[in-house]
Amino acid sequence: MDGDHNDDPSLAMSQEIAASAQASLAPLREDLADWLSKLIDIEVTGENFFESLCTGVLPCKLAAVIQKKAEECQKSGAISEELPKLKIKCRQNASVGSFFARDNTANFLAWCKEYGVPEACLFESEGLVLLKQPKDVLVCIYELARIASKYGIEPPGLVKLEKEIEQEEEKRPVSASKTPGKKVRPKTAAERLDQEIRQMSSKCKCSELDIYLYQNMPVADSRFPQRSS
């Protein structure tokens, strides 16, 4: 047979969908890239975002900056909470895909856990080092940014938007149809991120296809909610 597998239309469609799904994360990458560039004084762009993080060096630097700011807040009396004593270790010369890159990333994740990032918001080391879990990495860094904002660090745009949403919801009157005394389950990080994306998509020029692909992009585990049609 002379058929060329590269001309398989289903394969081409799958590749196009995968590329579009990654493109749908572009607003998040741009938002966090801008935040990291200002916070760490290292140039990061939306295009090289994951490549900049994948050795684990930049995440470790981010942790060090946040920890320093948290300790300054504690000394000044701005916060009264006890801070973890963990000092993050980092191999500055780690190369892409190396054991040291995995070690740096594992150290960063351990530090995140100590500083209050929920287990559900963490990712596997290879999820960053081998770029297997881009969406999970974004969720983790956004959750860390929320924590960092407690220490006076200006948050990225989506976290600011989240706070605006929360303030708007607090102003809304309680519906009489709600069962008195019924507790409302707090949104997970993934659900909050999804809500913010929906808000953001209404203000940007994202195509309907990109929004659909973001909302239906496969994820690594079941903690991300299934969306009803």
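That block above? That's the structure.
Below is a summary of the structure that appears in this document. (Residues numbered from 1 in each chain as written. Predicted model: local features only at pLDDT ≥ 70, side-chain atom pairs only at ≥ 80, totals over all residues. Heavy atoms only, no water.)

### Considering the side chain of Gln67
- Residue placement: Gln67 occurs in helix 4 (residues 57-76).
- Filtering out sequence-adjacent residues up to four positions away, Gln67 remains in contact with Pro84, Leu86, Lys87, Trp111 and Tyr115. (Helix = DSSP H or I, 4+ residues; strand = E, 2+ residues; numbered from the N terminus. Contact = heavy atoms within 4.5 Å.)

### Re the nonpolar core
- Phe49, Phe108 and Tyr151 are the most contacted members of the largest nonpolar core, which has 47 residues in total.
- Elements that contribute at least two residues to this core include exactly helix 2 (26-40), helix 3 (49-53), helix 4, helix 5 (99-114), helix 7 (134-149) and helix 8 (157-171).
- No other element matches the 10 residues that helix 7 contributes to this core.
- Apart from the residues lying within four places of it in its own chain, the contact partners of Tyr151 are Ile66, Lys69, Ala70, Cys73, Ile79, Glu81, Leu83 and Tyr115. (Core = buried A, V, L, I, M, F, W, Y, C linked by side-chain atoms within 4.5 Å. Buried < 20%, exposed > 50% of the residue type's maximum accessible area, 1.4 Å probe, protein only.)

### Remarks on the pattern of salt bridges
- On inspection of all chains with the given rule, the structure shows 9 salt bridges.
- When the shortest N-O distance is used, the salt bridge between Arg146 and Glu143 registers 2.8 Å. Here Arg146 and its partner Glu143 are both found in helix 7, 3 residues apart, which amounts to about one turn of the helix. There is no split in this pair, since Arg146 and Glu143 are both buried. (Salt bridge = Lys/Arg side-chain N within 4 Å of Asp/Glu carboxyl O.)

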